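Topology and contacts: notes
Residues per chain are reported as follows:
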Amino acid sequence: FSPARGLMGERRALVVGINEYSKTPLRCCVNDATDMHAALQRMNFESRLLVNPDFHALMQATRAFVASLHPGDIGFFYFAGHGAEAAVRQAGVYTSSNWLIARDMPDHRDDLPQFAIDAHNLLAEMEARRTRFNALV
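Since this is a predicted model, take the numbers as computed values, not measurements.

1. A look at the sheet that holds strand 5 (residues 83–90)
Consider a sheet: its strands pair through backbone hydrogen bonds, and that pairing is either parallel or antiparallel. Here three strands make up an open sheet; going across it, the order is 5-6-7 and the pairing antiparallel. Edge strands, defined here as strands with exactly one partner in the open sheet, are strand 5 and strand 7 (116–118). Pairwise comparison of adjacent strand axes, ignoring direction, gives a mean angle of 50° for this sheet. One ladder, built from three bridges, connects strand 6 (residues 93–101) with strand 7; its direction is antiparallel. Considered in strand 7, the bridge of Trp99 is made with Asp118.

Rendered as C-alpha coordinates:
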(Lines give C-alpha, C1' and ligand atoms only; values in the text may rest on other atoms or scores of the structure.)
Protein backbone atom coordinates (compact mmCIF):
# COMPACT_ATOMS: atom_id res chain seq x y z
CA PHE A 1 0.00 0.00 0.00
CA SER A 2 1.57 3.28 -1.10
CA PRO A 3 0.31 6.75 -0.14
CA ALA A 4 -0.63 7.41 -3.79
CA ARG A 5 -2.56 4.10 -4.07
CA GLY A 6 -5.86 3.94 -2.34
CA LEU A 7 -8.48 1.26 -2.53
CA MET A 8 -9.62 2.73 -5.83
CA GLY A 9 -6.24 3.12 -7.59
CA GLU A 10 -3.36 5.54 -7.77
CA ARG A 11 -3.25 9.27 -8.34
CA ARG A 12 -0.98 10.05 -11.27
CA ALA A 13 -0.09 13.40 -12.82
CA LEU A 14 2.02 14.86 -15.58
CA VAL A 15 2.69 18.57 -15.16
CA VAL A 16 4.19 20.57 -18.04
CA GLY A 17 5.44 24.16 -17.99
CA ILE A 18 6.98 25.92 -20.99
CA ASN A 19 8.46 29.43 -20.98
CA GLU A 20 11.24 29.07 -23.56
CA TYR A 21 9.33 29.02 -26.83
CA SER A 22 11.19 29.48 -30.11
CA LYS A 23 8.70 32.28 -30.89
CA THR A 24 6.81 34.35 -28.35
CA PRO A 25 8.42 33.19 -25.06
CA LEU A 26 6.32 33.23 -21.89
CA ARG A 27 7.31 34.22 -18.35
CA CYS A 28 5.34 32.44 -15.62
CA CYS A 29 4.38 29.02 -16.97
CA VAL A 30 7.29 27.14 -15.39
CA ASN A 31 6.53 28.77 -12.02
CA ASP A 32 2.86 27.81 -12.32
CA ALA A 33 3.75 24.22 -13.27
CA THR A 34 6.24 23.94 -10.42
CA ASP A 35 3.62 25.16 -7.93
CA MET A 36 1.00 22.75 -9.33
CA HIS A 37 3.47 19.85 -9.15
CA ALA A 38 4.18 20.62 -5.48
CA ALA A 39 0.46 20.92 -4.69
CA LEU A 40 -0.30 17.59 -6.36
CA GLN A 41 2.48 15.90 -4.41
CA ARG A 42 1.00 17.27 -1.18
CA MET A 43 -2.28 15.60 -2.24
CA ASN A 44 -0.45 12.27 -2.64
CA PHE A 45 -0.24 12.32 -6.44
CA GLU A 46 2.64 10.55 -8.12
CA SER A 47 3.56 13.59 -10.20
CA ARG A 48 6.20 14.19 -12.87
CA LEU A 49 7.27 17.75 -13.73
CA LEU A 50 8.41 18.47 -17.29
CA VAL A 51 9.99 21.86 -17.99
CA ASN A 52 10.49 23.46 -21.44
CA PRO A 53 10.27 20.22 -23.46
CA ASP A 54 10.69 19.98 -27.20
CA PHE A 55 8.05 17.96 -29.06
CA HIS A 56 9.91 14.66 -28.77
CA ALA A 57 10.29 14.99 -24.99
CA LEU A 58 6.67 16.12 -24.58
CA MET A 59 5.35 13.23 -26.67
CA GLN A 60 7.56 10.69 -24.89
CA ALA A 61 6.49 11.90 -21.43
CA THR A 62 2.82 12.00 -22.45
CA ARG A 63 2.93 8.45 -23.82
CA ALA A 64 4.64 7.19 -20.66
CA PHE A 65 2.08 9.00 -18.50
CA VAL A 66 -0.88 7.50 -20.38
CA ALA A 67 0.70 4.04 -20.27
CA SER A 68 1.11 4.36 -16.49
CA LEU A 69 -2.64 4.80 -15.96
CA HIS A 70 -4.55 1.73 -14.79
CA PRO A 71 -8.24 1.05 -14.23
CA GLY A 72 -9.42 2.85 -11.11
CA ASP A 73 -6.60 5.44 -11.17
CA ILE A 74 -7.05 9.20 -11.20
CA GLY A 75 -5.24 10.86 -14.09
CA PHE A 76 -4.32 14.56 -14.02
CA PHE A 77 -2.55 16.34 -16.90
CA TYR A 78 -1.60 19.99 -16.38
CA PHE A 79 -0.22 22.18 -19.16
CA ALA A 80 1.04 25.75 -18.75
CA GLY A 81 2.17 27.13 -22.08
CA HIS A 82 0.95 28.09 -25.53
CA GLY A 83 -2.09 26.33 -26.89
CA ALA A 84 -4.23 26.76 -29.96
CA GLU A 85 -7.66 25.81 -31.16
CA ALA A 86 -7.24 25.07 -34.83
CA ALA A 87 -8.57 23.01 -37.70
CA VAL A 88 -5.65 20.99 -39.04
CA ARG A 89 -5.56 19.09 -42.30
CA GLN A 90 -4.89 15.42 -41.64
CA ALA A 91 -5.35 12.74 -44.31
CA GLY A 92 -6.95 15.34 -46.57
CA VAL A 93 -9.64 16.34 -44.05
CA TYR A 94 -9.68 19.38 -41.77
CA THR A 95 -10.30 18.40 -38.17
CA SER A 96 -10.68 20.93 -35.37
CA SER A 97 -8.97 20.34 -32.04
CA ASN A 98 -7.16 22.00 -29.18
CA TRP A 99 -3.37 21.76 -29.34
CA LEU A 100 -0.80 21.92 -26.52
CA ILE A 101 2.29 23.35 -28.20
CA ALA A 102 5.81 22.17 -27.34
CA ARG A 103 8.82 24.51 -27.14
CA ASP A 104 9.42 24.75 -30.90
CA MET A 105 6.47 26.44 -32.57
CA PRO A 106 5.21 25.67 -36.08
CA ASP A 107 5.06 28.18 -38.90
CA HIS A 108 1.66 26.96 -40.13
CA ARG A 109 -1.34 25.38 -38.42
CA ASP A 110 -1.16 22.29 -40.63
CA ASP A 111 2.20 21.55 -38.99
CA LEU A 112 0.72 21.41 -35.48
CA PRO A 113 0.73 17.56 -35.32
CA GLN A 114 4.56 17.67 -35.55
CA PHE A 115 4.86 20.32 -32.82
CA ALA A 116 1.94 19.84 -30.44
CA ILE A 117 -0.19 17.34 -28.54
CA ASP A 118 -3.83 17.02 -29.59
CA ALA A 119 -5.69 17.61 -26.30
CA HIS A 120 -8.84 15.79 -27.45
CA ASN A 121 -6.86 12.68 -28.37
CA LEU A 122 -4.91 12.85 -25.10
CA LEU A 123 -8.08 12.89 -23.03
CA ALA A 124 -9.56 10.04 -25.10
CA GLU A 125 -6.38 8.00 -24.52
CA MET A 126 -6.58 8.66 -20.78
CA GLU A 127 -10.23 7.59 -20.72
CA ALA A 128 -9.46 4.44 -22.72
CA ARG A 129 -7.29 3.31 -19.79
CA ARG A 130 -10.54 2.97 -17.78
CA THR A 131 -9.42 5.37 -15.09
CA ARG A 132 -11.87 6.44 -12.42
CA PHE A 133 -11.43 10.16 -13.19
CA ASN A 134 -9.33 12.26 -15.58
CA ALA A 135 -8.62 15.96 -15.71
CA LEU A 136 -6.80 17.96 -18.35
CA VAL A 137 -6.06 21.49 -17.20
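The rest of the description comes next.
2. A word on unusual backbone geometry
Here Asn44, not a glycine, exhibits a phi torsion of approximately 65°, which is positive. Along the chain, Asn44 turns up in the loop between helix 1 (29–42) and strand 3 (46–51). Its identity is not glycine, yet Arg130 carries a phi of approximately 60°, on the positive side. With respect to the secondary-structure elements, Arg130 resides in the loop between helix 3 (119–128) and strand 8 (133–136). For Arg130, a relative accessible area of 61% translates into the label exposed.

Definitions and limits used
- Residues numbered from 1 in each chain as written.
- Predicted model: local features only at pLDDT ≥ 70, side-chain atom pairs only at ≥ 80, totals over all residues.
- Heavy atoms only, no water.
- Pairing = 2+ DSSP bridges.
- Helix = DSSP H or I, 4+ residues; strand = E, 2+ residues; numbered from the N terminus.
- Axes fitted to C-alpha atoms, helices over the stretch in contact; angles between N-to-C directions.
- Buried < 20%, exposed > 50% of the residue type's maximum accessible area, 1.4 Å probe, protein only.

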